[in-house]
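# Survey of secondary and tertiary structure
Below are the chains, spelled out letter by letter.
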Amino acid sequence: MKMSDGVEQAIHSVAMLSGLSEGGVLSAAALAEFHGVSTSYLLKHLQALSGAGILDTVPGPKGGYRLAKTPAEISLLDILLAVEGPAPAFRCAEIRQRGPNPVSDRFFAKPCNISAAMLRAERVYRAELAKTSIADLGIELHALDDGSIAARGCAFLEIHERKTAR
């Protein structure tokens with residue numbers, strides 16, 4: 001399974017926004033700069049996250065993005081669904097019913113067993129993503145960081161974070 005680059009960018013952006021101070025926001029341009037990605041491409045995903053209720057959008061010249069929920073309330077599945085949509089990754093096109101020498105329709109009364117197996121696997125993978133929150137990722141990162149990662153993020157936020165009223 002291959003997910004779009006937008007999923008990675010969205011997860012990293014949400015994780016970055018979890019480090020904002022009370023009333024702080026970051027612009028899409030600042031998030032894109034920090035991650036070295038295209039602002040216009042990232043903006044599309046930030047808008048999807050906002051539409052899904054994961055991010056708040058603050059308009060105006062001092063505006064930007066901030067979390068609409070706590071990091072513990074935002075799962076990786078929430079972000080994936082906001083960016084990629086709810087459709088399953090595997091979509092059965094029923095090619096078993098195509099081609100020469102078709103067999104009786106009675107063999108197609110049940111769903112395709114390949115499709116059923118793929119959907120079972122997707123349920124497991126989505127359940128795992130649902131169990132992992134942005135807060136969990138922060139705890140894991142903190143455990144392996146020697147201070148370098150935190151210092152980089154803090155230095156960037158010191159320059160780019162905009163203060164607004166909540």
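Use the structure listed above.
One structure accompanies this document, and this report is about it.

### Concerning the pattern of salt bridges
Opposite charge on two side chains makes pairing possible when the charged atoms of those side chains draw close. Taken as a whole, this structure holds three salt bridges when the rule is applied. Taking the shortest distance from any N to any O, the salt bridge between E161 and K163 comes out at 3.5 Å.

### Some details on the packing of helix α1 (residues 5–17) against helix α3 (residues 39–51)
When two helices pack together, their arrangement is given by the angle between the helix axes and the distance between those axes. Contact pair α1 / α3: the axes reach a minimum separation of 10 Å and the direction vectors enclose 65°. Accordingly, the angle class assigned to the pair α1 and α3 is roughly perpendicular. The two elements α1 and α3 meet at a crossing, and its hand is right-handed. Counting all contacts with α1, which are made through D5, G6, Q9, A10, S13 and V14, the residues of α3 involved are Y41, L42, H45, L46 and L49.

### Section: the pairing of strand β2 (residues 55–58)
Side-chain positions along a regular strand alternate between the two faces of the sheet. Here β2 runs beside strand β3 (residues 64–67); their pairing, made up of four bridges, is antiparallel. The residue of β3 that forms the bridge with D56 is R66. Counting the residues in the hairpin turn of β2 and β3 gives five residues, including G60, whose phi is positive at 105°.

### So, the packing of helix α2 (residues 28–35) against helix α7 (residues 148–160)
Between α2 and α7, the shortest axis-to-axis distance is 11 Å and the interhelical angle comes to 150°. Our classification of the angle between α2 and α7 gives roughly antiparallel. Seen along the crossing, α2 lies across α7 with a hand that is right-handed. In contact with A30, E33 and F34 of α2, α7 contributes R152, G153, F156 and H160. Along the lines of polarity and charge, the residues of the contact of α2 with α7 split into three nonpolar, two polar and two charged.

Thresholds, definitions, all that
Residues numbered from 1 in each chain as written. Predicted model: local features only at pLDDT ≥ 70, side-chain atom pairs only at ≥ 80, totals over all residues. Heavy atoms only, no water. Salt bridge = Lys/Arg side-chain N within 4 Å of Asp/Glu carboxyl O. Axes fitted to C-alpha atoms, helices over the stretch in contact; angles between N-to-C directions. Helix = DSSP H or I, 4+ residues; strand = E, 2+ residues; numbered from the N terminus. Parallel < 35°, antiparallel > 145°, perpendicular 65-115°, else oblique. Left-handed = near helix turned anticlockwise from the far one by under 90°. Contact = heavy atoms within 4.5 Å. Pairing = 2+ DSSP bridges. Nonpolar A, V, L, I, M, F, W, Y, C, P; charged D, E, K, R; others polar.

Everything listed here is a matter of coordinates, which is why it stays silent on function.
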